[in-house]
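Tertiary structure, described
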Amino acid sequence: MKTIRLREGKERSLQRHHPWVFQGSIEKGKADAGETVRVEAADGSFLAWGAYSPNSTIRVRAWSFEASERIDADFFERRIARALALRARLPVASDGVRLVHGEADGLPGLVVDRYGDLLSVQFLSVGSVRWKDVIADALMTQTGARGLYERSDSSVRSLEGLEPVTGWLRGGGGTELTIREHGWKLSLDVATGHKTGFYLDQRDNRARFAEMVRQQGARRVLNCFSYTGGFSVAALAGGARHVTSIDSSAPALERVRAHVELNGFDGARSQTQDADVNQFLRDEIKAGRSYDAIVLDPPKYAPTAAHAERASRAYKDINRLALKLLEPGGLLLTFSCSGGISADLFHKIVAGAAMDAGVDGAILARLESAPDHPTTLFFPEGEYLKGLAIVKQ
Ligand code: SAH
């Protein structure tokens, strides 16, 4: 077993069970990609077992903080069982569920989503790649799934020196399927959809939106960054008369149209447009249009805190435009899924946007990811999705 020794004073983070060791904290020691290492403090005392990653600034991701724990197939079976047991206790109103959420489930670099009887999995770190077969077997046995599709094509893999990999890892067959979320039917393709196929993290916010649309009596809804129209279906289910869905992905918009029909809504109540949201919002303001409710769910503008400043301007821009475009009394549901933007900072950005738009807003709700994307006490970085539901005043 190779040992990684930390520099004096750098042991505190691991002692608080934070799972990352940065390159700059290491005094000495090296290992192969994904190899299990013993991490010790400057005085030689045990801190953690972890996976070494020679190319990443996150040089070690901790598997365990227990000196007596062995990192072997049993370990991964136990961790997966623990993650599944947690989901069994959560209120998840869908057969699309995040079963493993990386660091938050003690499995750094591993994301597992279940869609009906299929698993869609991302191995995002060299440590998780090293244990790929063990993990795949444990997942198949413990879930009884008919197949496991690998979607290791996220750009974060390049930070670990990993090439994209996709395809069936276990089982096979069709990759297209339909899940039921809050009773709505939503289709996806695990081979071609974004991430593992769908944005499960917004599940409960879509239900909240349907409720709010109903309560506020919102008639004209604009869903910006709609992807396949989860929020659009929610708006229609909430009684909206008409919903416009904007995205820059044509296949996603095709699915929005399919979802409207699949859920039994009149196609005349829905309109899709392949456009850049920022430009669309400007054009709508110029054209003198307005909406009763707007959803803003943009992609990750700031993957890390280093991107926060530029991202803040981009968030502020779209929020200012959306607030202008809203009717007084209208509802804005606005999100950031950037790890580099805290909930506090996001609040300030939206406040700045309202200031520039010359409007006030009352916060109806603070929103976060669905509970099957847990945040653990020791890893606050896991809290990436934050949102506000605001009534324009
Ligand atoms: N709200 C969605 C998820 C949105 S993900 C849901 O509930 O499922 C972000 C979406 O923004 C992606 O579908 C992506 O295609 C789209 N997108 C990214 N940049 C865009 C831009 N500049 N204009 C329009 N859409 C964009």
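Residues numbered from 1 in each chain as written. Predicted model: local features only at pLDDT ≥ 70, side-chain atom pairs only at ≥ 80, totals over all residues. Heavy atoms only, no water.

As annotated in an unreviewed UniProt entry, the protein chain carries the name 23S rRNA (Cytosine1962-C5)-methyltransferase and is attributed to Rubrivivax gelatinosus. The Sequence similarities (unreviewed entry) field of the UniProt record for the protein chain holds the comment "Belongs to the methyltransferase superfamily. RlmI family." (UniProt positions renumbered as here; feature names shortened; annotations may be inferred.)

**Details of the nonpolar core**
Ranked by internal contacts, the top residues of the largest apolar core, which has 39 residues, are Tyr-115, Ile-179, Phe-198, Phe-209, Val-221 and Leu-333. Those elements that provide at least two residues to this core are strand E12 (176-181), strand E13 (184-189), helix H5 (203-216), helix H6 (230-237), helix H7 (250-262), strand E17 (291-296), strand E18 (326-336) and strand E19 (361-368). Looking at this core, the element that brings in the most residues is H6, giving five residues. Three or more residues apiece are contributed to this core by two domains, here domain 2 (73-177) and domain 3 (201-392). Non-local contacts of Ile-179, meaning those with residues more than four positions away in its chain, are made with Ser-94, Asp-95, Gly-96, Tyr-115, Gly-116, Trp-184, Lys-185, Leu-186, Leu-188, Phe-198 and Leu-200. In terms of nonpolar packing, the next biggest core, distinct from the first, is built from 32 residues, Ala-302, Ala-308, Val-359 and Leu-388 among them. (Core = buried A, V, L, I, M, F, W, Y, C linked by side-chain atoms within 4.5 Å. Buried < 20%, exposed > 50% of the residue type's maximum accessible area, 1.4 Å probe, protein only. Helix = DSSP H or I, 4+ residues; strand = E, 2+ residues; numbered from the N terminus. Domains from an automatic or database assignment. Contact = heavy atoms within 4.5 Å.)

**Remarks on the sheet that holds strand E14 (residues 220-224)**
Spatial ordering of the open sheet is given by E16-E15-E14-E17-E18-E20-E19, a layout of seven strands whose pairing is mixed. What marks the edges here is a single partner per strand, and that holds for strand E16 (270-274) and E19. Strand-to-strand twist across the sheet, computed as the mean angle between neighbouring axes with direction ignored, equals 15°. When E14 meets strand E15 (residues 242-247), the two strands line up parallel, connected through five bridges. Residue pairing for E15: Cys-224 is matched across the bridge by Ile-246. Across the sheet, helix H8 (residues 277-286) lies against E14, E15, E16 and E17, angled at about 150° from E14, the strand it touches most. Along the sheet, helix H10 (residues 343-357) makes contact with E18, E19 and strand E20 (386-392), crossing E20 at roughly 30°. (Pairing = 2+ DSSP bridges. Axes fitted to C-alpha atoms, helices over the stretch in contact; angles between N-to-C directions.)

**Quick look at the site of the ligand**
The immediate surroundings of the ligand are formed by 15 residues, with Arg-206, Asp-247, Asp-276, Val-277 and Asp-297 found nearest. Contacts to the ligand include Phe-225, whose backbone N or O atom sits 3.3 Å from a nitrogen atom. For the ligand, a nitrogen atom lies 3.5 Å from a polar atom in the backbone of Ala-275. Considered on its own, the ligand offers 590 Å² of accessible surface; in the complex 87% of this is hidden by protein. Split by residue class, the shell around the ligand holds seven nonpolar, four polar and four charged. (Near = heavy atom within 4 Å. Polar contact = N/O pair within 3.5 Å; in protein donor to acceptor, adjacent residues only side chain to side chain. Areas by Shrake-Rupley, 256 points an atom, 1.4 Å probe, with all protein chains shown as cover. Nonpolar A, V, L, I, M, F, W, Y, C, P; charged D, E, K, R; others polar.)

**Some points on the packing of aromatic side chains**
Taken as a whole and assessed by the stated rule, the structure comprises 13 aromatic pairs. Their ring planes at 90° and their centres at 6.1 Å tell us that Trp-20 and Phe-22 sit as a pair that is edge-to-face. Relative to Tyr-315, the ring of Tyr-301 has its centre 4.7 Å away and its plane inclined at 45°; by these criteria the two rings are tilted. Of the two residues, Tyr-301 is situated in the loop between E17 and helix H9 (308-325) and Tyr-315 in helix H9; the sequence distance between them amounts to 14 residues. Under the relative-accessibility criterion, Tyr-301 is labelled partly exposed at 26%. On the basis of relative accessibility, which here comes to 0%, the residue Tyr-315 falls in the buried class. Through successive ring pairs, a cluster of aromatic residues spans Trp-63, Phe-75, Phe-76 and Trp-131. Above the face of the Phe-123 ring, Lys-132 is positioned so that its terminal group lies 5.6 Å from the ring centre. (Phe/Tyr/Trp six-rings, centres within 6.5 Å; stacked < 30°, edge-to-face > 60°. Lys NZ or Arg CZ within 6 Å of the ring centre and 35° of its normal.)

**Some thoughts on the UniProt feature "domain: PUA" (unreviewed entry) in the protein chain**
Following the UniProt record, the feature "domain: PUA" (unreviewed entry) maps to residues 2-85 here. Taken end to end, residues 2-85 comprises 20% helix and 36% strand; its first and last C-alpha atoms sit 33 Å apart.

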